[in-house]
Amino acid sequence: MKLPRNSKEDKLASLVYKLVLESGEKGVLQSELWKKLNLTSRDGSRIATRLEKRKLIKREKVLEDGRWTYLLRPVSMPISVKAIMRAPCINCPFIAKCYPDGQVSPRTCTKLERWVISEYESFLAGVVVDEA
Ligand code: SF4
(Lines give C-alpha, C1' and ligand atoms only; values in the text may rest on other atoms or scores of the structure.)
Protein backbone atom coordinates (compact mmCIF):
# COMPACT_ATOMS: atom_id res chain seq x y z
CA MET A 1 0.00 0.00 0.00
CA LYS A 2 1.10 3.55 -0.68
CA LEU A 3 0.79 6.79 1.21
CA PRO A 4 0.09 9.59 -1.29
CA ARG A 5 0.05 12.44 1.18
CA ASN A 6 2.30 12.83 4.13
CA SER A 7 -0.27 14.16 6.55
CA LYS A 8 -0.23 13.46 10.25
CA GLU A 9 -3.60 11.73 10.03
CA ASP A 10 -2.39 9.42 7.22
CA LYS A 11 0.53 8.36 9.38
CA LEU A 12 -1.72 7.86 12.38
CA ALA A 13 -4.15 5.79 10.30
CA SER A 14 -1.24 3.62 9.15
CA LEU A 15 -0.07 3.18 12.71
CA VAL A 16 -3.57 2.29 13.93
CA TYR A 17 -3.94 -0.23 11.10
CA LYS A 18 -0.55 -1.74 11.90
CA LEU A 19 -1.43 -2.14 15.58
CA VAL A 20 -4.81 -3.67 14.71
CA LEU A 21 -3.04 -6.12 12.38
CA GLU A 22 -0.62 -7.00 15.16
CA SER A 23 -3.56 -7.77 17.46
CA GLY A 24 -4.68 -10.45 14.99
CA GLU A 25 -7.99 -12.25 15.45
CA LYS A 26 -8.03 -11.40 19.17
CA GLY A 27 -8.42 -7.74 18.31
CA VAL A 28 -7.70 -4.66 20.39
CA LEU A 29 -10.03 -2.37 22.32
CA GLN A 30 -10.09 1.03 20.69
CA SER A 31 -10.02 2.73 24.10
CA GLU A 32 -6.69 0.99 24.84
CA LEU A 33 -5.36 1.90 21.43
CA TRP A 34 -6.25 5.58 21.80
CA LYS A 35 -4.56 5.65 25.22
CA LYS A 36 -1.44 4.01 23.79
CA LEU A 37 -1.29 6.50 20.90
CA ASN A 38 -2.30 9.47 23.04
CA LEU A 39 -5.30 10.15 20.80
CA THR A 40 -8.58 11.73 21.83
CA SER A 41 -11.61 9.47 21.50
CA ARG A 42 -12.94 11.75 18.76
CA ASP A 43 -9.76 11.65 16.65
CA GLY A 44 -9.31 7.92 17.20
CA SER A 45 -12.91 7.16 16.25
CA ARG A 46 -12.54 9.20 13.07
CA ILE A 47 -9.50 7.14 12.07
CA ALA A 48 -11.20 3.85 12.97
CA THR A 49 -14.27 4.81 10.93
CA ARG A 50 -12.03 5.68 7.99
CA LEU A 51 -10.25 2.30 8.18
CA GLU A 52 -13.61 0.53 8.54
CA LYS A 53 -14.99 2.29 5.45
CA ARG A 54 -11.97 1.07 3.51
CA LYS A 55 -12.77 -2.45 4.77
CA LEU A 56 -9.36 -2.76 6.40
CA ILE A 57 -10.71 -3.26 9.92
CA LYS A 58 -14.01 -4.22 11.52
CA ARG A 59 -15.44 -2.70 14.68
CA GLU A 60 -17.47 -4.73 17.14
CA LYS A 61 -19.36 -3.02 19.96
CA VAL A 62 -18.43 -4.59 23.32
CA LEU A 63 -19.14 -3.82 26.98
CA GLU A 64 -15.86 -3.36 28.88
CA ASP A 65 -15.88 -2.49 32.61
CA GLY A 66 -19.47 -1.27 32.34
CA ARG A 67 -18.74 1.01 29.36
CA TRP A 68 -19.42 0.51 25.68
CA THR A 69 -16.41 0.56 23.42
CA TYR A 70 -15.32 -1.09 20.20
CA LEU A 71 -13.09 -4.05 19.59
CA LEU A 72 -11.02 -3.50 16.44
CA ARG A 73 -9.98 -6.45 14.31
CA PRO A 74 -8.34 -6.72 10.89
CA VAL A 75 -10.74 -7.76 8.12
CA SER A 76 -8.04 -9.93 6.61
CA MET A 77 -4.32 -10.45 6.64
CA PRO A 78 -3.13 -9.28 3.22
CA ILE A 79 -0.51 -11.16 1.22
CA SER A 80 1.18 -10.14 -2.01
CA VAL A 81 1.92 -12.17 -5.16
CA LYS A 82 5.63 -11.55 -4.53
CA ALA A 83 5.26 -13.10 -1.09
CA ILE A 84 3.61 -16.19 -2.59
CA MET A 85 6.48 -16.50 -5.08
CA ARG A 86 8.87 -16.71 -2.12
CA ALA A 87 6.91 -19.55 -0.50
CA PRO A 88 9.18 -22.54 0.19
CA CYS A 89 6.59 -24.98 -1.20
CA ILE A 90 7.14 -23.75 -4.78
CA ASN A 91 10.53 -25.47 -5.09
CA CYS A 92 10.13 -28.06 -2.37
CA PRO A 93 11.20 -31.63 -3.31
CA PHE A 94 8.68 -33.02 -0.81
CA ILE A 95 5.59 -31.28 -2.18
CA ALA A 96 4.11 -34.49 -3.63
CA LYS A 97 4.32 -36.17 -0.22
CA CYS A 98 3.22 -33.15 1.81
CA TYR A 99 -0.30 -33.19 3.21
CA PRO A 100 -1.89 -32.26 6.54
CA ASP A 101 -1.73 -35.71 8.18
CA GLY A 102 1.36 -36.98 6.33
CA GLN A 103 4.89 -37.60 7.53
CA VAL A 104 5.77 -34.41 5.69
CA SER A 105 3.15 -31.85 6.61
CA PRO A 106 2.51 -28.10 6.38
CA ARG A 107 1.38 -28.36 10.01
CA THR A 108 4.91 -29.14 11.17
CA CYS A 109 7.05 -27.65 8.40
CA THR A 110 9.59 -25.22 9.85
CA LYS A 111 10.39 -23.74 6.41
CA LEU A 112 6.75 -22.83 5.96
CA GLU A 113 6.54 -21.42 9.47
CA ARG A 114 9.64 -19.25 8.92
CA TRP A 115 8.22 -17.98 5.62
CA VAL A 116 4.87 -17.02 7.19
CA ILE A 117 6.57 -15.18 10.07
CA SER A 118 9.05 -13.44 7.78
CA GLU A 119 6.38 -12.28 5.31
CA TYR A 120 4.14 -11.11 8.12
CA GLU A 121 6.97 -9.09 9.69
CA SER A 122 7.89 -7.58 6.31
CA PHE A 123 4.29 -6.65 5.74
CA LEU A 124 3.97 -4.96 9.12
CA ALA A 125 7.19 -3.04 8.55
CA GLY A 126 5.87 -1.59 5.30
CA VAL A 127 2.24 -0.91 6.18
CA VAL A 128 0.91 2.47 5.15
CA VAL A 129 -2.68 3.38 4.38
CA ASP A 130 -3.87 5.12 1.23
CA GLU A 131 -5.89 8.29 1.37
CA ALA A 132 -9.57 7.48 2.08
S1 SF4 B 1 4.92 -27.26 3.69
FE2 SF4 B 1 7.13 -27.57 3.87
S3 SF4 B 1 7.47 -29.71 3.31
FE4 SF4 B 1 5.42 -29.13 2.62
S5 SF4 B 1 5.70 -28.52 0.48
FE6 SF4 B 1 5.82 -26.68 1.75
S7 SF4 B 1 8.00 -26.41 2.17
FE8 SF4 B 1 7.71 -28.51 1.46
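None of the values given here were measured: they were computed from a predicted structure.

Student: I keep staring at the packing of helix H2 (residues 30-37) against helix H3 (residues 41-53) and nothing clicks. Help me out?
Tutor: Packed helix pairs are characterised by how far apart their axes lie and by the angle those axes make with each other. It is the contact of H2 with H3, at a shortest axis distance of 10 Å, that shows an interaxial angle of 115°. As for the relative orientation of H2 and H3, their crossing is right-handed in sense. Of H3, the residues touching H2 (which contributes Gln-30, Leu-33 and Trp-34) are Ser-41, Gly-44 and Ala-48. Looking at side-chain class alone, the contact of H2 with H3 contains 3 nonpolar, 3 polar and no charged residues.

Student: Is there a simple way to explain the environment of Ser-14 in this structure?
Tutor: You can see Ser-14 is positioned in helix H1 (residues 8-23). Of the residues examined, Ser-14 has 19 C-beta atoms within 10 Å and is grouped as partly exposed. Measuring from C-alpha to C-alpha, the distance between Ser-14 and Ile-47 comes to 9.4 Å, with 33 residues separating the pair along the chain.

Student: It is not clear to me how the sheet that holds strand E3 (residues 67-74) should be interpreted in this structure. Could you clarify?
Tutor: In a beta sheet, neighbouring strands pair by backbone hydrogen bonds and run either parallel or antiparallel. With respect to topology, 3 strands assemble into an open sheet ordered E1-E3-E2, the strand pairing being antiparallel. Each of the sheet's edge strands pairs with one partner strand only, and the pair in question is strand E1 (28-29) and strand E2 (57-64). Both E1 and E3 contribute to a ladder of 2 bridges, which runs antiparallel. Looking at E3, one finds that Val-28 is bridged to Leu-72. Sitting on the sheet, H3 touches E2 and E3, and the angle it makes with E2 is about 135°.

About the criteria used
Residues numbered from 1 in each chain as written. Predicted model: local features only at pLDDT ≥ 70, side-chain atom pairs only at ≥ 80, totals over all residues. Axes fitted to C-alpha atoms, helices over the stretch in contact; angles between N-to-C directions. Helix = DSSP H or I, 4+ residues; strand = E, 2+ residues; numbered from the N terminus. Left-handed = near helix turned anticlockwise from the far one by under 90°. Contact = placed C-beta atoms within 7 Å. Nonpolar A, V, L, I, M, F, W, Y, C, P; charged D, E, K, R; others polar. Buried ≥ 20, exposed ≤ 12 C-beta atoms within 10 Å, placed from the backbone. Pairing = 2+ DSSP bridges.

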